[in-house]
Every structure is written in structure tokens, then in C-alpha cells.
Amino acid sequence: MSAVPSVSPGGRPVSRLGNQIFGGLVRLSAILVVLLIVGISALLVIEALPSIQRSGLAFLTTSDWDPNAIPDGCTADQVANAALTACAKGRFGALPYIFGTVVTSLVALILATPLAIGSAIFISEYAPRRIGDIISFAIELLVAIPSVVYGLWAYQLLSPLMAQTIEPALQDTLGHVPLIGALFQGPTTGNDILTASLVLTIMILPTILAISREVIRQVPKLQKDGMIALGATKWEAIRLAILPAAQVGITGGAMLGLARAIGETMAVTMTIGNNTTQVTSSLFNQGYTLASGIANRVNESSGLTFSALAELGLVLLLVSSSINLLSRLLVSRNLKR
Amino acid sequence: MAQSTLSLDRQALLNAEKSRYSARQVANQFVAGLLLALTVISVLLLVSIVLVVATQGLSTIFPTVDGHITFNTDYFTKTGVPGGSTERGGVLNGIVGTLEMLLLGAVIAVPIGLGTAIYLSEYGTGRLANVVRFIIDLLAGLPSVLVGLFILLTLINSHIINNSGLAGALGLAIIIIPIVASSVESILQLVPNELREAGYALGMPQWRVVLQIVIPTVLPGVITGVILALARAAGETAPLLLTTAGSQLFLNFDLTKPMTALTLQIYEYATSPYDEQHGLAWANALLLISIIAMISAAVRYITRREQYDS
């Protein structure tokens, strides 16, 4: 943010060539970054167009995903000759993918947020400083662990545990309760929406924790100390003087975790089952998410199916980007104050 | 008479206040215990994953043979073997693939990321700079599977390039650019304006002020930002899964041919039915986590030293 002087103090004009070349290169890279996101978005829209034209809004509301379906009113001959025209084969509904993404991310958010906020408060307000620092360093490290490693852990250890112990136990106890019981029906395979949700919980926990701790640490301690001096207990002081000031930032942290859960691919692909496009109320359903659907189906696709996958990608782009930006807005607003 | 009622009231009030006080104390203690429990659960969950990876990975790299701990050189020097084979396989092709794709990705992405950071910190004012910042946030939050899908739909489907190490490197480059740009920008902002002004006062043109004053002042921080971005990219799987089509059996140094990577091997070996391959997956996970941990520790050391210096 500095002004560009056109003459040196001695009055001699500064050579402009170097400035022009360097400034040009620097601007070029910034423009490249802009073009990159424009390119990605535009390309997804263009690739998705045939699918959008074919399915319209039904793409978002139906759950039938059959790449070999013959469209209504077309003969087998027309289908064989068609390339991306009205009679290209395939019927595509994205509802199972959207449903799986929404359910896994929300379950993960509901489970991870209390754990993360509770730990963040404890680390920044209760724990001795040294221990808090050590835990925080470990947490920052865990944010950086590759998602495929979480997937490996979940596929090898969590899934068998879920299939043999936890899911049967849930089914025996909660499975008979009215309303809630509907969540725990069907065979217990261990590769299902519930397992994927648990992996996501563990993956977004460090993200939410790290941001919450940072936000809580930035709140000025004066009001809290004042309350304690007037006889408030520690928890009362935290609840009334710290948390209200940190609320917006913590919400932003939780949404950043949500954005991560929505876009997460590998760990979910390895644990969610990717087996059925039926939408059911059971958490034991072997479903898909938007991201796992793309990763799973992309290598076996061509023609209109590719277009439908691009439309899945477009939906994923819109949802994850809007949540991501909203959360960054909230966090930065809280940290700046 | 009136005197004693008053004191009775005061006693009652005092008692009520006392019981309220103890209730508040109980609530205080209860919350402290609850928060401790939540912290213990979180830490145990996360530590258990690291411990499992460490023990499983170590038992592959340093297997116990006849009661002696040995070093499994095959892990580093051989490529994968078909499932169920009696031979011991390795992940050399994954190490080569990750290194080559990361290096090429860095060569493409680091100049663009640095340029964008310099633009934002030194040149950018007004609306365009804000648009660029906004877009860097967008790119950083982009689900990485979309990066793979983008490369696949543009370059591979139109036969400009094949499924190859090159395609994977381009995917990694898109991951690296926004991380370098945003971390380096925030570091460049730390350079005091007085230093820039001193340069201008000596008659230096802006490009020399940037290259000879601004960047050298925070060089360790800039390098740190770049290394952290590379560490992130080394752990990416989804962009490679859609673009590289690597084989586990063959060693390949040619970037224009299909390549595998450490992360892709974790994915394929984890979901295979053979115990031997599971061992390789755990060892890869340990390798990646160790590299990331060492980088984070080094970064922490460097940034802390810098704070003391200034």
C-alpha cells in the first residue's frame, strides 16, 4: 500500500522499465487467480448445461440415478444414435447426494460443536498456560492431517467397530423408541451415513476448536476480571463477559467446520458405502454425498452422465462456497473488533 | 419487638443468599468438570488416531522378526506387488510420484502465489484488490474433488493431456496457489512502511524496494508460508484420484505418463483385502504425518524466533 514516486529526490526520473515489467508480472498473477475461479465456475456451468436442459429442476428433487435409462417417448434406435440430444440415455436425480451431504454434515456439526467449544473454553480459561499451549499445538497439527489418513483409520478400525458393536447396540436400545427409532433401521454394515458422520465429526473438531480458542483468547479480559472482583463465579464471568463477545466468531468457526464437512471427499468416500441412491430415514443407509458421488462415479462415466456429474459439482461449488464465505466474514468480523 | 422481626428477616435473607451462593458454586464446579470431560474426550479421540497410525506404521517400517526389530528397506526401495503375493512390496513409486508432482506443482504455483501476494500487499488498492482477496478465499475453500473434476473436464476429456503426473501436478498447483497467496500476503503486511520509504528516499524504484527490502526482511516467513502450502498439497488425494490414474506395480519417472502418489496408495491399499497392503497404507500415513509434524514444529520454532528478534 505505498505510493509510487515518479522521480527520485534528486529530480532525476526513475527508470520505469523495471517497474513496468515487475508490476505487470505481479498484476498478471493476480489476474490469473481471478481467471482460475472464473474458469472453474464457467466450465462447470458449460459442462452441466446438457444435464440442466434435460432434467431441469427435477434434478434437485428426484432420486432416480440411472445412466442407462431410456428417456420417455424415445425408441431404442433413437437412443442408440443420440449423442447428448433429447434421446441420450440416462435419468438423473441428485436428491440422494444432496440428502447425504446435508445429513452427514449436520450430524457432524451437532456432535463436534459442543466438544470443540467446551474444549476451547477449557483450554483458554481453565487449563494451565503450558498445557493449553501443548494441546493447541497438537490441535493445529491435527487440522493438517490429510483426510485420506482419517479415511484409513475409519475404514480399518471404526467401520468394523460400528458394524459389530455400536450399531447393533444402538439398534437394540434406540431402535424401538418411536420417531428416533427410524434413524437406526436396516442392516448394520458399518459403511453408512452414521460412520461417515462420525469421521466428519472427528475431522472438523480440530478446525472448530482452533478457531474458537483463537476467538476466545482475543476477547479482552477486563470485564471478566471485573465480574470476578464483584463476586461472580468463574463460570458466570465466562458466560456473561467472554462468550457473548466471542459468539459471532465461534459461529463462524462452526460454519467453517461445516464447509469442510460438506466438501470432504476421501474419508467420506471410504466410509459411507456408496451403494444405494434410495433416500431413507435410517442413518444405517449406505448412501452418497455430492463429493463421494463425483469421486466414485467419475471414472466410469461418459456422455450425459459426465454432464450430470458436472451439475453435482456445480451444486457442491455453490453450497460450499456460500457457507465458506459467510463463515470467513463472521470470523474476521469478530477478530477485528 | 420491631427490632427482632427485622433481624429475623435479615437472617432469612442471609440464609437464602447463602443457599443461592452454594448453588452458584455447585454450578461453577459442575461446568468446570463438564468442560474438562469434553476436553478429555476431544484430546483422546484425536490422540488415539495418531497413536494408531504410529504403532501400525512403525510395525511395517520396523517389523519385529524373531524378536529383533529390523528395518524394512523394501518399503522404500520396491514398488507394489500384486495382492496375495508372498513378496514384500514397497511404495517407491508413490514416493517418486508425490515428490515429482509436488515439485512441478510448486514450480507452477509458487510464482503465481507470490506474485498475487506481492500485488495485494504492495500494489493492490481499491476494488480489484478486494475482488482478488475474495477469490483467494473462495479458492482456498474449494472442495478439492472439484479441482480434480476441473482438470478432468478441461484438459483430459478434450485430450489436451492424458491421465498423468502432469495432470496431477496441475491439480496440486491449484491447491497451492491460494494458500501461498494468503499466507505470504499477511506476512508482507508486517513489514513497516518506514523501510519502504527509506528505499524510495534513496531513489530505488518500486520493484527493487519489493525485491531487495520488503521480501528479504520477512524471507523466513515467506519460506515458511510456501513450505506449509506444500505440506498441505502433499496430503491431497481427491485431485489426484481423478487425474493421475497411477498403477501400484510400476515405477515411473515420466510426468507425461500415469503416476501414483503416497496418498493414492493409502486409499487403494486401505480398501484392499490384503493385510500386507494395509501395512503399506499405515506406513504411508505415518510418513505423511511425520513430515507434516516436523514442518509444523520447524515453522513454530522459526516464527517464535522472529518474534523475539523484532
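Parameters at a glance
- Residues numbered from 1 in each chain as written.
- Chains lettered and ligands numbered in written order.
- Predicted model: local features only at pLDDT ≥ 70, side-chain atom pairs only at ≥ 80, totals over all residues.
- Helix = DSSP H or I, 4+ residues; strand = E, 2+ residues; numbered from the N terminus.
- Rg over C-alpha atoms; globule rule 2.2 N^0.38 Å.
- Buried ≥ 20, exposed ≤ 12 C-beta atoms within 10 Å, placed from the backbone.
- Contact = placed C-beta atoms within 7 Å.
- Domains from an automatic or database assignment.
- Nonpolar A, V, L, I, M, F, W, Y, C, P; charged D, E, K, R; others polar.
- Expected span 1.5 Å × (residues − 1).
- Arc of directions from axis to C-beta.
- pLDDT = per-residue confidence, 0-100.
- Bend = angle between axes of the 7 residues up to and from the residue.
- Core = buried A, V, L, I, M, F, W, Y, C linked by C-beta atoms within 7 Å.
- Axes fitted to C-alpha atoms, helices over the stretch in contact; angles between N-to-C directions.
- Left-handed = near helix turned anticlockwise from the far one by under 90°.

Student: Give me the lowdown on the overall build of chain A, citing residues and values where you can.
Tutor: In terms of regular secondary structure, chain A is built from twelve helices and two strands. Walking chain A from its N terminus toward its C terminus, one meets helices and strands in the order α-α-β-α-β-α-α-α-α-α-α-α-α-α. Its C-alpha atoms give chain A a radius of gyration of 26 Å, clearly above 20 Å, the size a compact globule of 337 residues would have. Once the C-alpha set of chain A is aligned to its principal axes, its extents read approximately 80 × 75 × 35 Å.

Student: Pulling in residues and values, what's your account of the overall build of chain B?
Tutor: Check the secondary structure of chain B and you find twelve helices and two strands. Tracing chain B from N to C terminus, the helices and strands come up as α-β-β-α-α-α-α-α-α-α-α-α-α-α. Here the C-alpha atoms of chain B give a radius of gyration of 28 Å, more than 25% beyond the 19 Å that 2.2 N^0.38 yields for 310 residues. Burial statistics for chain B: of 310 residues in total, 44% are counted as buried. Taking contacts inside chain B between residues at least 6 apart in sequence as the whole, the part at least 24 apart equals 71%.

Student: How would you summarise the domain arrangement of chain B if you had to cite specific residues and measurements?
Tutor: Residue and element names in this part refer to chain B. Each assigned domain of chain B is listed here: domain 1 (2-64) and domain 2 (92-309). Taking only C-alpha atoms into account, the centre of domain 1 sits 42 Å from that of domain 2. Facing eight residues of domain 1, the contacting portion of domain 2 comprises seven residues. Each residue belonging to the side of domain 1 that touches domain 2 can be placed in one class, and the counts come to five nonpolar, three polar and no charged.

Student: Got a sec to walk through helix α5 (residues 129-143) of chain A? Specific residues and values, please.
Tutor: Residue and element names in this part refer to chain A. Given a rise of 1.5 Å per residue, 15 residues ought to cover 21 Å, and the 21 Å separating the end C-alpha atoms of α5 matches this to within 8%. Within α5, burial applies to Ile-135, Ile-139 and Leu-142. Summarising the axial view, the buried residues of α5 lie within an arc of 55 degrees, below the 170-degree limit, and thus occupy one face. Those residues of α5 that are exposed and angled more than 90 degrees off the buried face are Arg-129, Arg-130 and Asp-133.

Student: Describe in detail the interface of chain A and chain B, supporting the description with residues and values.
Tutor: Think of interface size as the accessible area that goes away when the parts come together; that is how it is often given. Each partner contributes residues to the interface: chain A has 77 residues there, and chain B has 77 residues. With 17 residues, helix α1 (residues 17-55) of chain A is the single largest residue contributor to the side of chain A that touches chain B. In the side of chain A that touches chain B, the residues fall into 51 nonpolar, 20 polar and six charged.

Student: Describe the confidence of the model for chain B, naming the residues involved and giving the relevant values.
Tutor: For chain B, per-residue confidence averages 87 on the pLDDT scale, and residues scoring 70 or more make up 95% of the total. Both confidence scores are given for the complex: pTM 0.88, ipTM 0.88.

Student: Tell me about the environment of Val34(A), and name the residues and values.
Tutor: Tracing the sequence through the fold places Val34(A) in helix α1. Setting aside anything within four residues of it in sequence, one finds Val34(A) in contact with Val131(B), Val132(B) and Ile135(B).

Student: Describe in detail unusual backbone geometry, supporting the description with residues and values.
Tutor: Working note: non-glycine residues mostly have negative phi, and peptide bonds are mostly trans. All names here are of chain A. Residues other than glycine seldom take positive phi values, yet Leu-179 does so here, at roughly 65 degrees. For Leu-179, the location among the structural elements is in the loop between α6 (147-173) and α7 (193-218). A residue is classified by how many C-beta atoms lie within 10 Å of it, and Leu-179, with 7 of them, is exposed. In this model, Asn-274 sits at a positive phi of 50 degrees, which is unusual for a non-glycine residue. Along the chain, Asn-274 falls in the loop between α10 (266-271) and α11 (290-297). Using a count of 21 C-beta atoms within 10 Å as the deciding quantity, one classes Asn-274 as buried.

Student: Quick rundown of α1(A)? Include the residues and the values.
Tutor: Residues and elements named next belong to chain A. Taking 1.5 Å per residue, 39 residues should reach 57 Å; α1 reaches 55 Å between its end C-alpha atoms and fits that length. The sharpest bend along α1 measures roughly 45 degrees and falls at Ala-48, with the proline Pro-50 sitting one to four residues further on. Gly-56 sits one or two residues past α1 and shows a positive phi near 60 degrees.

Student: If you had to explain the nonpolar core to someone new, which residues and values would you point to?
Tutor: If you look at the biggest cluster of nonpolar residues, it comprises 181 residues, and the most contacted ones within it are Val149(A), Val199(A), Ile176(B) and Val180(B). When near neighbours in sequence (up to four residues on either side) are disregarded, Ile176(B) contacts Gly105(B), Ala106(B), Ala109(B), Val110(B), Gly113(B), Ala229(B), Leu230(B) and Ala233(B).

Student: Go over the environment of Ile117(A), please, and point to the residues and values.
Tutor: Residue and element names in this part refer to chain A. Secondary-structure assignment places Ile-117 in helix α4 (residues 95-126). Sequence spacing of Ile-117 and Ile-98 is 19 residues, and the spatial spacing of their C-alpha atoms is 28 Å. Setting aside its immediate chain neighbours within four residues, Ile-117 contacts Ser-212 and Ile-250.

Student: Describe the packing of helix α3 (residues 92-123) of chain B against helix α6 (residues 165-188) of chain B, listing the residues and the values that go with them.
Tutor: Packed helix pairs are characterised by how far apart their axes lie and by the angle those axes make with each other. Residues and elements named next belong to chain B. One way to put it is that α3 packs onto α6 with a least axis distance of 6 Å and a crossing angle of 35 degrees. The two elements α3 and α6 meet at a crossing, and its hand is right-handed. Taken together, the residues that form the contact of α3 with α6 break down as 21 nonpolar, seven polar and two charged.

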